[in-house]
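Here is what each chain is made of, one letter per residue.
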Amino acid sequence: MPYQTINPFNNQLIKEYQTHNDEQVEQALATAHQLYKSDWAQGEMQPRLQVLHKLAELMTSRSEELAKGITVEMGKLIEQSRAEIKICAAIASYYADNAAEFLKPVPYPSSLGEAWVEHHPIGVIMAVEPWNFPYYQLMRVLAPNLAAGNSVMVKHASIVPHCAETFEKLLSEAGAPKGAYTNLFISQDQVAALIDDDRVQGVALTGSEKAGAVVAARAAGKLKKSTLELGGNDIFAVLDDADIDHAAKVGAQARIANAGQVCTAAKRFIVHQKVADEFLKKFTQHFSELKTGDPLDSNTTLGPLSSAQALKTLSKQVSEAVKQGAKLHYGGSAVANNAGNFFEATILTGITRDNPAYFAEFFGPVAQIYVVENDEQLVELANDSHYGLGGALFTRDLARARRLASKIETGMLYVNSATDTAPELPFGGVKRSGFGRELSDLGIKEFVNQKLVVLAGKS
Ligand code: NAP
């Protein structure tokens with residue numbers, strides 16, 4: 001894929017980027033590996049944490065410029081781009097403040113002698129990242145690994161090269177030595193060759209199930225650990241005792257934020273029969289009030305999809321779902337008369353299990369509505385999915401919420417809120433949503449050697 005910035009609002013090509021050849025990749029890998037062997041990575045953590053502090057400062061002070069870069073490159077509403085920069089700075093600060101505590105030696109009382117587990121870096125980490133949060137996805141990998149002493153090399157999505165390049169520059173400005181973070185404009189074959197190289201010791205991918213399967217298989221072939229943050233088909237369950245006004249408002253936003261292109265977006269709305277009509281009416285009302293337009297304009301509430309290809313894929317999925325028997329309750333088409341990649345906010349009902357839409361992830365503003373009669377049906381439907389990333393439950397009965405939350409097969413479950421993210425909370429899924437966790441204390445432990453030392457014998 002060529003690395004190009006194309007504004008999804010009008011499909012104008014802004015810039016093309018040169019790709020890296022094999023020689024450049026080898027040089028970058030050698031530099032990254034040398035750095036991992038050096039005192040920078042193996043010694044005191046403080047200099048690395050200083051870089052993270054500085055990175056947080058830089059991102060905060062340049063928030064407006066960085067946010068604009070996201071919006072122009074992949075179409076996110078400007079307000080949401082600002083929020084993305086804010087959480088990136090928060091993640092950098094979080095690991096700067098907490099990494100030393102997370103990675104300090106842990107004593108293990110033992111009959112064999114004084115024992116403890118130390119945490120050491122393992123080498124170069126190869127990351128493959130998606131375009132939908134072009135800075136946040138990078139930060140989730142960079143911050144914990146930089147703190148731990150691993151060098152990070154990244155192949156970012158080919159439609160966000162400006163953000164990819166800018167992030168590397170920010171690291172350099174924050175004081176990271178060459179090799180600590182490397183952006184690579186490379187092909188899938190070059191990614192595979194890097195994964196094969198002994199100097200690469202871990203692989204992290206966020207993206208589609210298809211890419212995850214290819215990259216994780218490659219890593220497994222060389223007996224290397226990988227973490228996968230993949231797709232989701234998250235539920236948004238509305239129980240019969242929920243505050244329907246609140247649920248409809250939060251649900252609509254949870255489906256259309258980032259034009260619906262969020263792995264943890266609410267995608268399957270499972271509503272109790274008693275409140276189904278009321279919920280659908282209010283939810284539809286929210287969709288009808290959305291305003292498409294330039295994502296740089298703060299009055300716009302539904303931006304374009306990230307690319308012409310994304311629009312094509314979503315349009316096809318929706319028409320296929322309808323052809324197979326789903327009912328189009330609202331929307332359903334690309335927005336006419338504009339040059340951008342806009343798709344109407346859309347609501348599908350009457351999706352049966354034999355409809356391909358039932359198991360599919362719609363990466364755009366398309367909500368599926370299901371109606372259930374009781375909590376058992378809700379759990380059954382929620383778990384009848386290949387995915388298991390996040391989910392949300394709306395009810396006034398918190399005991400019922402706890403009971404249901406424990407039965408739903410996902411990596412994350414939020415009650416009376418849409419699925420969210422924070423630096424201190426682990427992020428990740430089960431089933432085909434992937435494995436491993438990013439963020440929090442769990443995220444920093446994914447790619448470290450948890451080395452046991454035992455003073456067992458007489459000195
Ligand atoms: P994608 O096609 O898998 O792309 C993601 C990244 O993988 C891009 O950098 C892409 O490069 C690269 N890639 C694709 N195939 C590859 C291969 N065979 N070898 C090496 N690299 C490969 O995903 P997408 O469609 O852009 O993103 C949407 C998907 O990501 C959705 O399923 C969404 O749910 C998921 N996602 C998950 C999370 C999470 O945290 N769980 C977060 C965000 C998105 P190119 O751009 O060059 O193709």
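Calculation rules
Residues numbered from 1 in each chain as written. Predicted model: local features only at pLDDT ≥ 70, side-chain atom pairs only at ≥ 80, totals over all residues. Heavy atoms only, no water. Helix = DSSP H or I, 4+ residues; strand = E, 2+ residues; numbered from the N terminus. Rg over C-alpha atoms; globule rule 2.2 N^0.38 Å. Buried < 20%, exposed > 50% of the residue type's maximum accessible area, 1.4 Å probe, protein only. Contact = heavy atoms within 4.5 Å. 1 Å grid on protein atoms, 1.4 Å probe; cavity = no way out; pocket = protein on both sides within 12 Å on 5 of 7 lines; lining within 4 Å. Points joined across faces, edges and corners; volume = space filled by probe spheres on them. Nonpolar A, V, L, I, M, F, W, Y, C, P; charged D, E, K, R; others polar. Near = heavy atom within 4 Å. Polar contact = N/O pair within 3.5 Å; in protein donor to acceptor, adjacent residues only side chain to side chain. Areas by Shrake-Rupley, 256 points an atom, 1.4 Å probe, with all protein chains shown as cover. Sits in = over half its atoms within 2 Å of the grid points. Salt bridge = Lys/Arg side-chain N within 4 Å of Asp/Glu carboxyl O. Pairing = 2+ DSSP bridges. Core = buried A, V, L, I, M, F, W, Y, C linked by side-chain atoms within 4.5 Å. Phe/Tyr/Trp six-rings, centres within 6.5 Å; stacked < 30°, edge-to-face > 60°. Lys NZ or Arg CZ within 6 Å of the ring centre and 35° of its normal.

Caption draft 1: Looking closely at the overall build of the chain. Counting secondary structure elements, the chain contains 15 helices and 20 strands. Computed over C-alpha atoms, the radius of gyration of the chain comes to 23 Å, within 12% of the 23 Å expected from 2.2 N^0.38 for 459 residues, which places it in the range of a compact globule. The C-alpha extent of the chain, read off along each of the three principal axes, is 75 × 60 × 40 Å. When each of the 459 residues of the chain is scored for burial, the buried share is 54%. In the chain, the share of contacts with a sequence separation of at least 24, taken over all contacts with a separation of at least 6, comes to 72%.

Caption draft 2: Main features of the layout of surface pockets. Its boundaries defined by the atoms lining it, the largest pocket holds a volume of some 1,700 Å³. As for the largest pocket, its lining consists of 49 residues, of which Met1, Trp131, Ala157, Ser208 and Ala211 are closest to the centre. Elements that contribute at least two residues to the lining of the largest pocket include exactly strand E1 (3-7), helix H8 (188-196), strand E8 (200-206), helix H9 (209-221) and helix H12 (308-323). Grouping the constituent residues of the lining of the largest pocket by class yields 24 nonpolar, 16 polar and nine charged. Roughly 610 Å³ of volume is contained in the second largest pocket.

Caption draft 3: Focus on the site of the ligand. Near the ligand there are 28 residues, and of these Glu129, Trp131, Ser208, Leu230 and Glu361 occur at the shortest range. Taking Trp131, its side chain carries an N or O atom lying 2.6 Å from an oxygen atom of the ligand. The side chain of Arg140 places a nitrogen or oxygen atom 2.9 Å from an oxygen atom of the ligand. For the ligand, whose accessible area on its own is 910 Å², the fraction buried by protein is 87%. With respect to the pocket detection grid, the ligand is positioned in the largest pocket. Those elements that place two or more of their residues in the shell around the ligand are helix H6 (136-148) and H9. Ranked by residues supplied to the shell around the ligand, first place goes to H9 with three residues.

Caption draft 4: Broad picture of the pattern of salt bridges. Per the stated rule, a full pass over the model turns up 23 salt bridges. For Glu165, the salt bridge is made with Lys169, and the minimal N-O distance between the two is 3.8 Å. With Glu165 and Lys169 both in helix H7 (residues 161-173) and four residues apart, the pair spans about one turn of that helix. Accessibility expressed as a relative area gives 52% for Lys169, which makes it exposed. As a salt-bridge pair, Asp384 and Arg353 come within 2.6 Å of each other at their nearest N and O atoms. Taken together, the residues span a long stretch of sequence, with Asp384 in the loop between helix H13 (375-383) and strand E15 (387-388) and Arg353 in the loop between strand E13 (346-349) and strand E14 (366-372) at a distance of 31 residues. Taking the relative accessible area as the measure of exposure, Arg353 reaches 51% and is therefore exposed.

Caption draft 5: Molecular detail of the sheet that holds strand E4 (residues 114-121). Taken in spatial order, the three strands line up as E3-E4-E20 in an open sheet, and their pairing is antiparallel. The open sheet has two free edges, formed respectively by strand E3 (106-107) and strand E20 (448-455), since each of these has just one partner strand. Bridge count for E3 against E4 is two bridges, and the pairing is antiparallel. Along E4, the bridge assignment pairs Pro107 with Trp116.

Caption draft 6: Here's a closer look at the environment of Gln4. If you trace the backbone, Gln4 turns up in strand E1. In sequence terms Gln4 and Arg62 are 58 residues apart; their C-alpha atoms lie 23 Å from each other. Not counting residues within four places of it along the chain, the set of residues in contact with Gln4 comprises Leu13, Lys15, Glu16, Ser158, Ile159 and Pro161. A distance of 3.0 Å separates a polar atom in the side chain of Gln4 from a polar atom in the side chain of Glu16.

Caption draft 7: Layout of the nonpolar core. Within the largest apolar cluster, 66 residues are counted, with the highest numbers of intra-cluster contacts made by Leu52, Met59, Met139 and Leu142. For this core, the secondary structure elements donating two or more residues are helix H2 (39-42), helix H3 (46-61), helix H4 (63-74), helix H5 (78-102), strand E5 (124-128), H6, strand E6 (151-155) and H7. Tallying contributions element by element places H5 first for this core, with 12 residues. When near neighbours in sequence (up to four residues on either side) are disregarded, Met59 contacts Leu66, Ile85, Cys88, Ala89, Tyr135, Met139, Phe167 and Leu170. Grouped together as the second largest cluster of nonpolar side chains are 55 residues, Phe236, Ala345, Leu378 and Ile408 included.

Caption draft 8: The packing of aromatic side chains, seen in detail. In this structure the tally under the stated criterion is 18 aromatic pairs. With centroids separated by 4.7 Å and ring planes inclined at 55°, the aromatic side chains of Phe269 and Phe283 adopt a geometry described as tilted. Here the residue Phe269 occupies a position in strand E11 (residues 268-272), and Phe283 occupies one in helix H11 (residues 273-288), the gap between them amounting to 14 residues. The class of Phe283 is buried, set by a relative accessible area of 0%. Taking the ring centre of Phe133 as reference, the NZ or CZ of Lys76 above it sits at 3.7 Å. Above the ring of Phe427, the side-chain terminus of Arg140 is found at 4.2 Å from the ring centroid.

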